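Geometric and topological summary
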Amino acid sequence: MTDLTAADLTDLFRRELQLCAVKPGESLVVLAEPSSRAEYVAAAFGAAKSLGAHVIQATVPGGSPVPLPSVRTGSGAGLLSVDANPLAQQLMFEADIVVDLTNEGFIHTTLLKQILQHGTRVIFVADAPEVLARNIGQPEDKLRAKEAVELLRGGKELVVTSAAGTDLVASLDNGHPGYQCGFADDPGRWDHWPSLMVVSWPLTSRGTIVLAPGDVLLPFKTYVQEPVTLSITDGRIADIKGGADARLLEMFLEDADDEEAYYLSHMGWGLMKTADWFSLSMYDKESNMGMDARAMAGNFLFSTGPHPFMGRDTYNHLDIPLRGCTIRVDDKVVVEEGRLLG
Ligand SMILES: [Fe+2]
């Protein structure tokens, strides 16, 4: 039998690595775990080689410490096996770029900070092939994301409202705005393919968030069926009301047995115009991390749990993208009833 799956993907990975400014003579590590997609490993390896990079493929043991299986949740700590593997760490410290094909990456880890401090760029890839292809970035995406970052940096308040009942005010003072643009072309930069979004890390927020039917709960990868009303006081979920989905969220937070889990984390909006809200419903849950929903242009994405600028490092992390919201930075409307302006 001939398996040519990787052949279809090699051109795609080559385009991505070009966006990541991979140059001849650079050192590139393809990082995998045993359950990584073999065709991604082969495609990344071949693409790197075709661009003249010095490529090494490293497979480390899998596993995740979060109270969730390691099935591309986007919520976990990543591979703890690497925390105790100085050789693997050294490989990434010395690399110019790491193509991270592990199931959870290093999104919320201190190890990621150390890797980036060495100037290594990291591009994380977890979603299904069609999702990667449809949402592959353009060089100008980074500029769009950076413009949104500057708007957040100069703002005082992020205000989110919706016909469903959301009415939230979040402080932007010292909110450390950031972005994802789908490729990592600067030294010390982590990014995620696919993604295009802007986020802030409000130190506090207040009001109400109403999840409407059709909104998405991550990492569960489900669509909300009945409205859920979250009361937010001092940046913390003080009360949850609603039906089955509300109970699910209550149970998640109760099971966490972790006061930090109740606090709001990053929030912002999606800029990715190629995103498909329905892709989550078309795949089995293991195939996708859900970046279509997280980054869809005009969504409001908020999250719970970890907050690096407030010293909260819990692994209990929900990402919840909402449709149909109006988002303002002070008086400037950036998203109107779910439509991205500009
Ligand atoms: Fe998140």
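That block above? That's the structure.
Read on for a plain summary of the structure. Remember, it's a predicted structure, so these values are computed and weren't measured experimentally.

So, about helix 1 (residues 5-19). A rise of 1.5 Å per residue sets the reference length of helix 1, with its 15 residues, at 21 Å; its end C-alpha atoms lie 22 Å apart and thus fit the reference within 8%. Within helix 1, burial applies to Ala 6, Leu 9, Leu 12, Phe 13, Glu 16, Leu 17 and Leu 19. At its buried positions, helix 1 is contacted by strand 1 (27-32), helix 2 (38-50), strand 3 (97-100), strand 4 (121-125), helix 6 (129-134) and strand 8 (190-193). Immediately downstream of helix 1, the backbone of Ala 21 shows phi near 60°, a positive value.

With that settled, the discussion passes to the packing of aromatic side chains. All chains considered together, the criterion is met by six aromatic pairs. Considering the side-chain rings of Phe 220 and Phe 252, the 5.5 Å spacing of their centres and the 75° angle between planes classify their relative orientation as edge-to-face. Of this pair, Phe 220 sits in the loop between strand 11 (216-217) and strand 12 (222-223) while Phe 252 sits in helix 8 (residues 244-256), and the two are 32 residues apart along the sequence. Residue Phe 252 is classed as buried on the basis of its relative accessible area of 13%.

With that settled, the discussion passes to the state of the cysteines. Applying the stated criterion across every chain yields a total of zero disulfides. This cysteine, Cys 181, is not joined by any disulfide, and Cys 20 carries the nearest cysteine sulfur, 8.4 Å off. Residue class for Cys 181 comes out buried when judged on its relative accessible area of 1%.

The next thing to look at is the sheet that holds strand 19 (residues 332-336). Note on sheets: strands pair through backbone hydrogen bonds, and any given pair is parallel or antiparallel. Strand order across the open sheet formed by eight strands is 14-13-10-6-5-18-19-20, with antiparallel pairing between neighbours. Pairing within the sheet leaves two strands with one partner each, and these edge strands are strand 14 (236-242) and strand 20 (339-340). Bridge count for strand 5 (residues 157-162) against strand 18 (residues 325-329) is five bridges, and the pairing is antiparallel. Residue pairing for strand 18: Val 160 is matched across the bridge by Ile 327.

Attention now moves to the coordination of the iron ion. In this structure, His 266 (NE2), His 317 (NE2), Asp 319 (OD) and Asp 319 (OD) serve as the protein donors to the iron ion, at separations of 2.1 to 2.7 Å. Each of the four donor atoms bound to the iron ion contributes to angles spanning 51 to 134°, and the resulting shape is irregular. Considered as a linear motif, the donors of the iron ion on their single chain read H-x50-H-x1-D. One end of the pair, His 266, is in strand 15 (residues 264-270); the other, Asp 319, is in strand 17 (residues 318-322), with 53 residues separating them in the sequence. The same class applies to His 266 as to Asp 319, namely buried.

If you check helix 8, its first and last C-alpha atoms are 18 Å apart, about what 13 residues at 1.5 Å a residue would give, namely 18 Å. Among the residues of helix 8, those classed as buried are Asp 245, Ala 246, Leu 249, Phe 252, Leu 253 and Ala 256. Viewed along the axis of helix 8, the buried residues span an arc of 125°, placing them on a single side of the element. Exposed side chains of helix 8 directed beyond 90 degrees from the buried face belong to Ala 244 and Asp 255. Directly after helix 8, the chain includes Asp 257, whose backbone phi takes a positive value near 50°.

An order of 7-9-15-16-17 is seen for the five strands of this open sheet, with the pairing classed as antiparallel. Taken across any chain shown, the strands that pair with only one partner, and hence form the sheet edges, are strand 7 (178-180) and strand 17. The average angle at which neighbouring strand axes cross in this sheet is 25°, direction not considered. Taken together, the five bridges between strand 16 (residues 300-304) and strand 17 define a ladder with antiparallel strand orientation.

A word on the pattern of salt bridges. As enumerated under the stated definition, the model contains 15 salt bridges in all. Close ionic contact of Glu 259 with Arg 236 constitutes a salt bridge, the shortest N to O distance being 2.5 Å. With Glu 259 in the loop between helix 8 and strand 15 and Arg 236 in strand 14, this pair connects stretches of sequence that are 23 residues apart. Note on Glu 259: relative accessible area 44%, which makes it partly exposed. What emerges from the salt-bridge pattern is a single network uniting Glu 130, Arg 134 and Asp 292.

Looking at the element boundaries, Met 282 is found in the loop between strand 15 and helix 9 (291-295). Relative accessible area serves as the criterion here: at 63%, Met 282 is assigned to the exposed category. Spatially, the C-alpha atom of Met 282 lies 34 Å from that of Val 169, the residues being 113 residues apart in sequence.

Residue Trp 193 is joined to Pro 194 through a cis peptide bond whose omega torsion reads 0°. Take Pro 194: it is sitting in the loop between strand 8 and strand 9 (197-200). Here the amide bond leading from Leu 218 into Pro 219 is cis, since omega sits at 20°, within 30 degrees of zero. With phi around 55°, Asn 174 is a residue other than glycine that occupies positive phi space. Among the secondary structure elements, Asn 174 is positioned in the loop between strand 6 (167-171) and strand 7. On the accessibility criterion, Asn 174 (54% relative accessible area) is exposed. Positive phi values are uncommon outside glycine, yet Glu 337 reaches one of about 45°. In this fold, Glu 337 is placed in the loop between strand 19 and strand 20. For Glu 337, a relative accessible area of 60% translates into the label exposed.

About the criteria used
Residues numbered from 1 in each chain as written. Predicted model: local features only at pLDDT ≥ 70, side-chain atom pairs only at ≥ 80, totals over all residues. Heavy atoms only, no water. Helix = DSSP H or I, 4+ residues; strand = E, 2+ residues; numbered from the N terminus. Expected span 1.5 Å × (residues − 1). Buried < 20%, exposed > 50% of the residue type's maximum accessible area, 1.4 Å probe, protein only. Contact = heavy atoms within 4.5 Å. Phe/Tyr/Trp six-rings, centres within 6.5 Å; stacked < 30°, edge-to-face > 60°. Disulfide = S-S within 2.5 Å. Pairing = 2+ DSSP bridges. Donors = N, O, S within 2.8 Å, 3.2 Å for Na, K, Ca; no water. Tetrahedral: all angles 85-135°; square planar, octahedral: opposite > 155°, others 65-115°. Arc of directions from axis to C-beta. Axes fitted to C-alpha atoms, helices over the stretch in contact; angles between N-to-C directions. Salt bridge = Lys/Arg side-chain N within 4 Å of Asp/Glu carboxyl O.

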